[in-house]
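For reference, the chains in residue letters:
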Amino acid sequence: MARRVVVTGVGLVSPLGVGTEATWEGLVAGRSGIGPITRFDASNFSVRIAGEVKGFYPGLVMEPKESRKYDTFIHYGLAAADMALEASGLKITAENAPRVGVVIGSGIGGLPWICDNYSTLVEKGPRRVSPFFIPGSIVNMTSGLVSIRTGAKGPNSATCTACSTGAHAIGDAYLYIQHGYCDAAICGGTESVVSPLTIAGFANMKALSTRNEQPEKASRPWDRDRDGFVLGEGAGILVLEELEFAKRRGANIICEILGFGMSGDAYHITAPSEDGDGPARVMANAIQDAGLKPEDVDYINAHGTSTPHGDRVETIAVKKVFGEHAYKLAISSTKSSTGHLLGAAGGLETGVTALAVARNVVPPTLNLDNPDEGFDLDYTPHRSVQREVKVAISNSFGFGGTNACLVLGKLR
């Protein structure tokens, strides 16, 4: 029998606030964390809005001199990991350290620092490039530093699967614990790429919303006036533990991870197929892995990016998997509040889904004023809803056709 895995800690850094409760309270209250870009002068860009993290400074996680060696995505990941560990109450000791793993990914990594160091190279020459440039920007360094700082000596890896990264990292950690590679894991995703190159690249793909004059209205999943996603940043880190390991130390159990699914679209570099095949299979796989039926699910934290094609395909996939039960589900996209955190999205949204299960609250989908044609499900528009959430799923889909789905539920 597979070992059971529970969530004992959640740490969130998002455009709604630095901290798990700040993020959760902002979501439930229906606030938006999206505004004008302040990270750089975006006045000559077609897209001038993003979901930036506000009120964060690297001194929260390390000394100023040390912090200058690492890109911001690492700072966010370390902060969220600290929060998750503190919330879990897990103490890593010499005895249990080899049984505690770290799996934290990023979809893009330290792109801003790469750009900065390239500018230094061009303007000042090769000797002026930081000797910390490589370790300060590589995707796996958040996992590495969390391990070094906490002493966790179990499996240490970093997932990189575009916008599915955070969910895949949590799923990997779930499998590591299930199969006995470790008893606990610090896992999730982190991202910080609100930078000129990223905005220009996504804008030239026509992927981003250009609602620059109303940033808080720009992310509007399933609405007929949606025109693309809004880039966000932050981190979502969870502490997972094997159930008996958690019980022995008297941990506060938030919820249980019941199942995990993966699928590939095998279709297109950025777009899912019109029939929703990949998203449908990943949800079905996760529900089957959990030993449940579709009608057991109460809530879907959707991928819901606010892109014309993606939102339509996800709704098609939900109807394909859930049939008539699709109309009884609560669905919402918290990206309407935070924007799309890319590689951190799955970490943040799985953390939010865990809290929804624990607190029986479904966060809202903001800006859903006029649902587009065929969008006739309950997308929890405008306001959060108090309802029993016994089982929930969190969807994450990424470029390259990579999909992940996690099933969470109350401990039984």
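The paragraphs below set out a description of the structure included in this document. These numbers come from a predicted model, not from an experiment.

**As for helix α6 (residues 165–178)**
With 14 residues, α6 should cover 20 Å at 1.5 Å per step; its first-to-last C-alpha distance of 20 Å lies within 8% of that length. Of all 14 residues that make up α6, 11 are buried, and the element is covered over most of its length. Downstream of α6 by one or two residues, G180 has phi in the positive range, about 85°.

**Considerations on empty space enclosed by the protein**
Rolling a probe over the atoms, with the probe sized like a water molecule, indicates the empty space that remains. Applying the stated criterion across every chain, the model contains one cavity of 30 Å³ or more. Size it by volume and the largest cavity reaches roughly 30 Å³. Lining the largest cavity are W222, E314, T315, V318, I331, L377 and Y379. No other element matches the three residues that helix α10 (residues 308–322) contributes to the lining of the largest cavity. Among the residues forming the lining of the largest cavity, the class breakdown is five nonpolar, one polar and one charged.

**As for the pattern of salt bridges**
Under the definition given, this model contains 17 salt bridges. Between E233 and R39 there is a salt bridge whose closest N-O contact spans 2.6 Å. Taken as a pair, E233 in the loop between α7 (196–204) and β8 (234–242) and R39 in the loop between β3 (35–36) and β4 (49–50) lie far apart in primary sequence, 194 residues in all. Its salt-bridge partner being E349, residue K335 comes within 2.9 Å of it at the nearest N-O pair. In this pair, K335 is assigned in helix α11 (residues 335–338) and E349 in helix α12 (residues 345–359), connecting sequence segments 14 residues apart.

**With respect to a nonpolar patch on the surface**
Residues Y118, L121 and V122 make up a contiguous nonpolar surface patch of about 310 Å² in total accessible area. Tracing the backbone through its elements, the reader meets Y118 in helix α4 (residues 111–124). A residue is classified by how much of its surface remains accessible, and Y118, at 55% relative accessible area, is exposed.

**Observations regarding the pairing of strand β15 (residues 402–409)**
Most of β15 sits inside the fold, with eight of its eight residues counted as buried. Neither face of β15 is exposed, since T402, A404, L406 and L408 on one face and N403, C405, V407 and G409 on the opposite face are all buried. Pairing geometry for strand β9 (residues 255–264) and β15, over eight bridges, is antiparallel. Each bridged residue has a counterpart across the sheet, and for M262 the counterpart in β15 is A404. Note: strand β14 (residues 391–398) against β15, eight bridges, orientation antiparallel. Bridged to G398 within β15 is T402.

**Points about α7**
It helps to recall that an α-helix has 3.6 residues per turn; residues three or four apart then point in one direction. For α7, every residue scored as buried is listed here: T198, I199, F202 and A203. Seen from one end, α7 has its buried residues packed into an arc of 120°, which puts them on one side. For α7, the secondary structure elements touched by its buried residues are α4. Remark: K206 follows α7 within two positions and exhibits a positive phi of approximately 65°.

**Let's talk about the packing of aromatic side chains**
Scanning the entire structure with this criterion turns up seven aromatic pairs. On the numbers, 4.9 Å between centres and 85° between planes, the contact of F56 with Y76 is edge-to-face. In this pair, F56 is assigned in the loop between β4 and α2 (64–67) and Y76 in helix α3 (residues 72–88), connecting sequence segments 20 residues apart. The two residues F56 and Y76 agree in class, both being buried. Ring geometry for F202 versus F229: centroids 5.2 Å apart, planes at 80°, classification edge-to-face. Taken together, the residues F202 in helix α7 and F229 in the loop between α7 and β8 connect sequence positions 27 residues apart. We classify F202 as buried; its relative accessible area is 10%.

**A look at the packing of helix α1 (residues 20–29) against α12**
Between two packed helices, what matters for the description is the angle formed by their axes and the separation of those axes. Where α1 contacts α12, the two axes come as close as 11 Å, and the packing angle between them is 75°. In terms of orientation, α1 lies roughly perpendicular with respect to α12. Contacts between α1 and α12 involve T20, E21, T23, W24 and L27 on the former and, on the latter, L348, V352, L355, A356 and R359. A class-by-class count of the residues in the contact of α1 with α12 yields six nonpolar, two polar and two charged.

**Digging into the pairing of β14**
Along β14, eight of the eight residues are buried, which leaves the element largely enclosed by surrounding structure. Where burial is concerned, the two faces of β14 agree: the one with V391, I393, N395 and F397 and the one with A392, S394, S396 and G398 are both buried. For strand β10 (residues 299–301) and β14, the ladder comprises three bridges, and the chain directions are parallel. From the neighbouring strand, N301 faces β14, where its bridge partner is S394. Between β14 and β15, which follow one another and run antiparallel, lie three residues, and G400 among them has a positive phi close to 90°.

**Points about the nonpolar core**
Membership of the largest hydrophobic core comes to 41 residues, with the highest contact counts inside it found for V7, L240 and I257. Counting residues per element, this core draws most heavily on α12, at seven residues. By size, the runner-up hydrophobic cluster in this structure holds 29 residues, among which are V53, F73, M141 and F245.

**Quick look at the packing of helix α9 (residues 277–289) against α10**
At a minimum axis distance of 8 Å, the contact between α9 and α10 shows a crossing angle of 45°. Looking at the two axes, α9 sits oblique to α10. Crossing geometry of α9 relative to α10 is assigned as right-handed. Across the interface between the two elements, D277, P279, A280, M283, A284 and I287 from α9 touch V313, A317, V318, K320, V321 and F322 from α10. Tallied by class, residues from the contact of α9 with α10 come to 10 nonpolar, no polar and two charged.

Cut-offs used in this document
- Residues numbered from 1 in each chain as written.
- Predicted model: local features only at pLDDT ≥ 70, side-chain atom pairs only at ≥ 80, totals over all residues.
- Heavy atoms only, no water.
- Helix = DSSP H or I, 4+ residues; strand = E, 2+ residues; numbered from the N terminus.
- Expected span 1.5 Å × (residues − 1).
- Buried < 20%, exposed > 50% of the residue type's maximum accessible area, 1.4 Å probe, protein only.
- 1 Å grid on protein atoms, 1.4 Å probe; cavity = no way out; pocket = protein on both sides within 12 Å on 5 of 7 lines; lining within 4 Å.
- Points joined across faces, edges and corners; volume = space filled by probe spheres on them.
- Nonpolar A, V, L, I, M, F, W, Y, C, P; charged D, E, K, R; others polar.
- Salt bridge = Lys/Arg side-chain N within 4 Å of Asp/Glu carboxyl O.
- Patch = residues over 30% accessible without salt bridge, like charges linked within 9 Å, V, L, I, M, F, W, Y side chains within 5 Å.
- Areas by Shrake-Rupley, 256 points an atom, 1.4 Å probe, with all protein chains shown as cover.
- Pairing = 2+ DSSP bridges.
- Arc of directions from axis to C-beta.
- Contact = heavy atoms within 4.5 Å.
- Phe/Tyr/Trp six-rings, centres within 6.5 Å; stacked < 30°, edge-to-face > 60°.
- Axes fitted to C-alpha atoms, helices over the stretch in contact; angles between N-to-C directions.
- Parallel < 35°, antiparallel > 145°, perpendicular 65-115°, else oblique.
- Core = buried A, V, L, I, M, F, W, Y, C linked by side-chain atoms within 4.5 Å.
- Left-handed = near helix turned anticlockwise from the far one by under 90°.

Honestly, it's all geometry; don't read function into it.
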